[in-house]
Amino acid sequence: MAKPEARLASERRRQQSVRKKAAAIEWPPAGGWSWSTARVLFARTAATRALATWWGRTLVVAVVVLEIAWLGIGNGLLISGKLHGLLNKRPEKLEVSWESAWTLWPGRVFFDQLRVQVHLKKADLEFAMEDGSADIGLLAVPTKTFQLDDASISGITVVVRQLKEPREWPQRPKKKPWTIDLEDVVLDDVRGLAWNDTWIRLEGGVSGDFWHRVHGFMKVPEVSVDLRVTDVSGPGLTQKQDFRIFGDVEFAPFIPKEAKGTKLFRYLNGEISLQGPQFGLSFLEFLFRRAYELQFDGSGSIDTHFLLARGTLLEDSHLALSSPEMSARFLDYQAEGRGQIRLVVTDTPPWPLRADVRLADFQLRRHDAKQSYLAGADLGLALSGTGLNLGSGVEGRHFRLDLPSARITDIRAYNGLVPKKAGVEFLSGTGQLEGYLEADGEKTNGKFQLTSRGLRASLPQDTVTGDLIMTTYLRDGDLGTRRFRVDGTAARFENVQITGVKDLWWGSVTIRDGYMTWTNPVDLDADIELAMFDTRPLVAYFLKGRRIPLLGRLLTVRNIKGQVKVQTDKKRTRLDPVEIHGDGLSLSASLTLAGKQANGTLKANFHGIPVSFQIGSGSGGGGSRNNSSNSNSNSDRSSGSTSGNRSPARKQEKNKNFSFDGEG
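Attention in this report is confined to the structure presented alongside it. (Residues numbered from 1 in each chain as written. Predicted model: local features only at pLDDT ≥ 70, side-chain atom pairs only at ≥ 80, totals over all residues. Heavy atoms only, no water.)

1. A word on the overall build of the chain
And then number 1: In terms of regular secondary structure, the chain is built from 8 helices and 33 strands.
And then number 2: Counting every position in the chain, which comprises 664 residues, the buried fraction comes to 38%.
And then number 3: A separation of at least 24 residues holds for 54% of the contacts in the chain among residues at least 6 apart in sequence.
And then number 4: Summing over all exposed atoms, the chain offers an accessible surface of approximately 37,200 Å²; the carbon and sulfur share of this is 56%. (Helix = DSSP H or I, 4+ residues; strand = E, 2+ residues; numbered from the N terminus. Buried < 20%, exposed > 50% of the residue type's maximum accessible area, 1.4 Å probe, protein only. Contact = heavy atoms within 4.5 Å. Areas by Shrake-Rupley, 256 points an atom, 1.4 Å probe, with all protein chains shown as cover.)

Given below as structure tokens:
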């Protein structure tokens, strides 16, 4: 048999002869096709076919040899555990295990029950995959690149556990970092995500590409998501969640260590849609963070489509949500009722972003109180802004609360707004409240009107019933400090029945200049104008439970007008100065109220008769009484009489909160 080299040389000589004959032939043939022309062409084709056949046989033999070698070496590495040892050189950072794995041709690997554990400084990540296959770029390994292509994986579960204390690893010499390059990866049958103690049950899949240079840039060029959340369980979660999230997104190149938490959303592009009949509302806290402490709870149907450019919602993005039982918290209050939320992004200035929240058949209470004291048919919350970025929240905020009309179911709930040491308490009553509150940034304005008929309240001396009409103005407020100007705020009391008095009483209080700090209770620093039918409520304050009918009748006069400087805090209410004028009466006082205790001084001139006295244990006006008491006490002690010692003591105790020093 001739050697291959001899056969190749003979074949080359034959081809050269054929080419020479073919060059001598006129093409196309002038006299048409002939037998000689056909013979030359046939000879040329046969030679080419023979050469191709030899190369084909050689290639097939080489492929068969390589395939046999790969089946032996590749499956040997997978089955023997050699590859397992190579992948787990640093188990404190990466652990990889599988139940079974095999390969049929170079680069393509099939596996069952693959588990990958990644240990980061602040968290542990675990990826469990039931089965799958992928092409592994073997030629890229020498360049420290893990290249995965055409991957199809099923039965995926992801577990994330955050650590309370960050890990510390021993320092090692820096080496060239690995590059992770995943292309055309399809994750079917995604089953769930566990985040600490919260379990999210999922159905659906994810596909896309991923590129990451360890300790460097990361990018996700393309991701398609189609997942359905069927349930969420964990501490404090009792409601079933059912919704679908789908869309196409990408992440622009970013450095992971510089894009932690919500900062990552600044690199998000694409579109995301959410749809479902039962969706938890707590995610709205994430959308509306930094927006007047808005928080939501409950679940409802949702239809959302977000268009994103580097995390910012673009025009035509929208969110529609309806809930039969929604809880909305804003500032210090919480409202509950049938809710609807509508968020839209337009190109209309000055507020392209607008979110409207409506609560029907609502009840309102302070968030730290159990009992609701306000109920109504409609409550509106409107949030506007120049934009919304998922990474930083609402920008250019504007807020408005509209309360068309609501029923005050129990006036006692407003006792929390009255200074505790003022000595005034609402006992029973209902009413109506309406108004609005508007905030541009932190600057706030508003107006509320309260009307209560048949209100019953207790004063230091009396229990009274009557009507209250109060209009509160909030101007130039700061939501951060809850401090507002309340100039023009007025309260009018009508048809007031004082115990034991036949004539009805009325009075009005108007804040001429002042500030209110909206706490519980409120703090007030204001100049107030007074007008009233007579001085009976003031006399009750000054006498503070003392039964002195003559002095009470003396100071009770009609047609009263006056001014009071009021300062309140959590401990006391201070009225200083008090200037009041009426029919034949001129009165000035300085008074401090602390619960049922009153201290201060009062000077009055009644038809030219000057009177001054002291209330409580303050200084002034009581010197003669104190001296007399001391002398009596000393005399009793010197006489040694037990009974004589008790009687002046009881007398002193009885009169220690009141002293009188009059003229004329």
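2. Structural notes on a positive patch on the surface
And then number 1: Together, Lys121, Lys122, Lys174, Lys257, Lys260, Lys263 and Arg266 make up a region of like positive charge exposed at the surface.
And then number 2: Here Lys122 lies in the loop between strand 3 (108-119) and strand 4 (123-136).
And then number 3: Here Lys122 falls in the exposed class, since its relative accessible area comes to 55%. (Patch = residues over 30% accessible without salt bridge, like charges linked within 9 Å, V, L, I, M, F, W, Y side chains within 5 Å. Salt bridge = Lys/Arg side-chain N within 4 Å of Asp/Glu carboxyl O. Lys, Arg positive; Asp, Glu negative; His and termini not counted. Charge placed at Lys NZ, Arg CZ, Asp CG, Glu CD.)

3. Some details on unusual backbone geometry
Residues other than glycine predominantly adopt negative phi, and peptide bonds predominantly adopt the trans conformation.
And then number 1: Pro350 follows Pro349 through a cis peptide bond whose omega is 0°.
And then number 2: By the secondary structure assignment, Pro350 is in the loop between strand 14 (333-345) and strand 15 (353-366).
And then number 3: Put simply, Asp576 and Pro577 share a cis peptide bond, and its omega is 0°.
And then number 4: Tracing the chain through its elements places Pro577 in strand 29 (residues 573-582).
And then number 5: One non-glycine residue, Gln113, lies in positive phi territory at about 55°.
And then number 6: Looking at the secondary structure, you find Gln113 in strand 3.

4. Remarks on a negative patch on the surface
And then number 1: The grouping of Glu222, Asp248, Glu250 and Glu271 at the surface amounts to a negative patch.
And then number 2: Structurally, Glu271 can be placed in strand 10 (residues 268-280).
And then number 3: The class for Glu271 is partly exposed, based on a relative accessible area of 34%.

5. Here we look at the pairing of strand 16 (residues 374-385)
And then number 1: Where burial is concerned, most of strand 16 is hidden: 10 out of the 12 residues are buried.
And then number 2: In this sheet, strand 16 lies alongside strand 15 in antiparallel orientation, the contact comprising 11 bridges. Counted as the bridge partner of Arg358 is Gly380 from strand 16.
And then number 3: The sheet contact formed by strand 16 and strand 19 (residues 398-408) spans 8 bridges and is antiparallel. Note on strand 19: the bridge partner recorded for Leu383 is Phe399. (Pairing = 2+ DSSP bridges.)

6. Here's the deal with the packing of aromatic side chains
What characterises a pair of aromatic rings is the spacing of the ring centres plus the angle enclosed by the ring planes.
And then number 1: In the structure shown here, the tally under the stated rule is 10 aromatic pairs.
And then number 2: Between the aromatic rings of Tyr333 and Trp518, the centroid separation amounts to 5.8 Å while the plane-to-plane angle is 50°, which identifies the pairing as tilted. In this pair, Tyr333 sits in strand 14 while Trp518 sits in the loop between strand 26 (505-517) and strand 27 (523-534), placing the two residues 185 residues apart along the sequence. Side by side, Tyr333 and Trp518 carry an identical accessibility label, which is buried.
And then number 3: By way of ring pairs, the aromatic residues Trp102, Trp105 and Phe110 are connected into one cluster.
And then number 4: Positioned above the aromatic ring of Phe246, the side-chain terminus of Arg244 is 4.1 Å from the ring centre.
And then number 5: It is Arg366 that lies over the ring of Tyr333; its NZ or CZ is 5.6 Å from the centre. (Phe/Tyr/Trp six-rings, centres within 6.5 Å; stacked < 30°, edge-to-face > 60°. Lys NZ or Arg CZ within 6 Å of the ring centre and 35° of its normal.)

7. Quick look at the side chain of Arg365
And then number 1: Position of Arg365 relative to the elements: it lies in strand 15.
And then number 2: Residue classification places Arg365 among the buried residues on the basis of a relative accessible area of 13%.
And then number 3: Only 3.5 Å separates the side chain of Arg365 from the backbone oxygen of His367, close enough to count as a polar contact.
And then number 4: Here Arg365 is in contact with Tyr333, Gln334, Glu336, Lys370, Gln371, Ser372 and Tyr373, once residues within four sequence places are set aside. (Polar contact = N/O pair within 3.5 Å; in protein donor to acceptor, adjacent residues only side chain to side chain.)

8. Digging into the nonpolar core
And then number 1: Judged by nonpolar contacts, the single largest core of 123 residues is most densely connected at Leu284, Phe288, Phe296, Phe330, Leu343, Leu374 and Tyr414.
And then number 2: Aside from chain neighbours lying at most four places away, what touches Phe330 is Tyr292, Glu293, Leu294, Ala335, Leu364, Leu379, Leu381 and Leu401.
And then number 3: Membership of the second largest hydrophobic core comes to 5 residues, among which are Ala134, Ala151, Leu182 and Val185. (Core = buried A, V, L, I, M, F, W, Y, C linked by side-chain atoms within 4.5 Å.)

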